Amino acid sequence: MSTAQTPEEPTAEAARQLPPATVSRLTLYLRTLNALLAEGTERVSSEALAESAGVGSANVRKDLSYLGSYGTRGVGYEVAHLSRKIAQALGLTHEWRVAIVGAGNLGRALARYAGFESRGFDVVALFDADQMLMGTEIGWLRVSDVADLESVLAKTRANMVVLALPAGVAQSVCDRVVGAGIHSILSFAPVALTVPAYVNLRKVDMATELQILAYHAQRLQDPRLEEDRPGA
């Protein structure tokens, strides 16, 4: 489990509102920086970061300028320092304790995913309504009864929740999660959820993403659309 501690006060970088596109790219830069740290690399250029993220080096320099980080010409950025700055800006120096509601195929896969811990997220609870699953172990977690949702969230001090639920029950469970004081929710449910304005809700709709991929794929495969391809 992660031992990251919640800082007494947020840094200026963490408190600053960043453009959504910048936030998305910062996560890509951080992944690259952490890989470089593991390899023992001390410095990296904006061009190398840009290539890893699939963006232009000008984007990298602009994104990092929001954090007050400016590379040295011909030298680049110090990997360890930049990794810390981005982690602070993304809030990853806080202690994030994640509960997963839904122990179906997706929920079980998420519970077993080792990548959460390496990125600063501790999965502390797993819930389901199926009595056959109560008390079974998934990875290092024991499945709890969703009827005990509020008490287990309080006991584990969870501050993020992932919903891996069918559409029919997602809203009612979401309402309970919000009522329990959770303000950060990631939903895989195939339905639009309603939450108060102060709650951060992110939705992952894999079917929609596949449909978007299908649209782009058919344009690459259909010769009649050749003139519309990039660079055509």
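This text follows the structure it describes.
Residues numbered from 1 in each chain as written. Predicted model: local features only at pLDDT ≥ 70, side-chain atom pairs only at ≥ 80, totals over all residues. Heavy atoms only, no water.

Participant: Any chance you could explain the nonpolar core here in plain terms?
Facilitator: Proteins that are soluble and globular tend to have nonpolar side chains buried together. Counting 23 residues, the largest nonpolar core has Val 101, Phe 127, Leu 153, Val 161, Leu 163, Val 177 and Ile 185 as the members making the most contacts within it. Elements supplying a minimum of two residues to this core: β3 (96-101), β4 (121-128), α8 (149-156), β7 (160-163) and α9 (167-179). Per-element tally for this core: the top contributor is α9, with five residues. Sequence-distant contacts of Ile 185, that is, excluding residues within four places in its chain, are made with Val 161, Leu 163, Cys 174, Val 177, Val 178, Val 199, Asn 200, Leu 201 and Arg 202. (Core = buried A, V, L, I, M, F, W, Y, C linked by side-chain atoms within 4.5 Å. Buried < 20%, exposed > 50% of the residue type's maximum accessible area, 1.4 Å probe, protein only. Helix = DSSP H or I, 4+ residues; strand = E, 2+ residues; numbered from the N terminus. Contact = heavy atoms within 4.5 Å.)

Participant: What is the right way to look at the pairing of β7 in this model?
Facilitator: Regular strands place side chains that alternate from one sheet face to the opposite one. Judged from the four bridges that link them, β3 and β7 form a sheet pairing that is parallel. Among the inter-strand pairings, Val 98 is bridged to a residue of β7, identified as Met 160. As paired elements, β7 and strand β8 (residues 184-187) share three bridges and run parallel to each other. From the neighbouring strand, Val 161 faces β8, where its bridge partner is Ile 185. In this region the chain leaves β7, passes through α9 and returns to the parallel neighbour β8; the handedness of that crossover is right-handed. (Pairing = 2+ DSSP bridges. Right-handed = clockwise from strand over helix to strand, strands pointing away.)

Participant: So what exactly am I meant to see when it comes to α8 here?
Facilitator: Each α-helix winds once per 3.6 residues, and so residues spaced three or four apart point in a common direction. For α8, the complete set of buried residues consists of Leu 149, Val 152, Leu 153 and Thr 156. Each buried residue of α8 lies within a common arc of 100° when the element is viewed along its axis, so the set occupies one face. More than 90 degrees from the buried face of α8, the exposed residues found are Ala 154 and Lys 155. On its buried face, α8 sits against β3, β4, β6 (141-145), β7 and α9. Arg 157, located one to two residues past α8, shows a positive phi value of around 60°. (Arc of directions from axis to C-beta.)

Participant: Hey, could you run me through the pattern of salt bridges in this one?
Facilitator: Counted under the stated rule, the structure contains six salt bridges. The closest approach of N and O atoms between Glu 95 and Arg 97, which form a salt bridge, is 3.5 Å. Salt-bridge contacts for Arg 157 lead to Glu 95; the nearest nitrogen and oxygen are separated by 3.7 Å. One end of the pair, Arg 157, is in the loop between α8 and β7; the other, Glu 95, is in the loop between α5 (79-89) and β3, with 62 residues separating them in the sequence. Each of Glu 95, Arg 97 and Arg 157 takes part in a single network of salt bridges with overlapping partners. (Salt bridge = Lys/Arg side-chain N within 4 Å of Asp/Glu carboxyl O.)

Participant: Where do I start with the packing of helix α2 (residues 20-39) against α5 in this structure?
Facilitator: When two helices pack together, their arrangement is given by the angle between their axes and by how far apart the axes lie. Packing of α2 against α5 brings their axes to within 9 Å, and their N-to-C directions diverge by 145°. By crossing handedness, the relation of α2 to α5 is classed as left-handed. Together, Leu 26, Tyr 29, Leu 30, Leu 33, Asn 34, Leu 36 and Leu 37 of α2 and Val 79, Ala 80, Leu 82, Ser 83, Ile 86 and Ala 87 of α5 make up the contact between the two elements. Classifying every residue of the contact of α2 with α5 gives 11 nonpolar, two polar and no charged. (Axes fitted to C-alpha atoms, helices over the stretch in contact; angles between N-to-C directions. Left-handed = near helix turned anticlockwise from the far one by under 90°. Nonpolar A, V, L, I, M, F, W, Y, C, P; charged D, E, K, R; others polar.)

Participant: What am I meant to see in the environment of Gly 56 here?
Facilitator: Looking at where Gly 56 falls in the secondary structure, it is placed in the loop between α3 (46-53) and α4 (57-65). By relative accessible area, which is 33% here, Gly 56 ends up partly exposed. For the pair Gly 56 and Ser 46, spaced 10 residues apart in sequence, the C-alpha to C-alpha distance is 8.9 Å.

Participant: Mind showing me how you'd approach the pairing of β6 here?
Facilitator: Of all five residues that make up β6, four are buried, and the element is covered over most of its length. Sheet topology note: the β4/β6 ladder contains three bridges and is parallel. Across the sheet, the residue bridging to Phe 127 is Ser 144, located in β6. Pairing between strand β5 (residues 137-138) and β6: two bridges, direction antiparallel. Looking at β6, one finds that Ile 138 is bridged to Leu 141. Between the antiparallel neighbours β5 and β6 lie two residues, among them Gly 139 with a positive phi of about 65°.

Participant: Even after reading the chapter, I still don't get the sheet that holds β3, so can you show me in this structure?
Facilitator: Across the sheet, seven strands lie side by side as β5-β6-β4-β3-β7-β8-β9; this open sheet has mixed pairing. On the outer flanks of this sheet lie β5 and β9 (200-203), each paired with one strand and no other. Sitting on the sheet, α8 is in contact with β3, β4, β6 and β7, with an inclination near 160° to β4.

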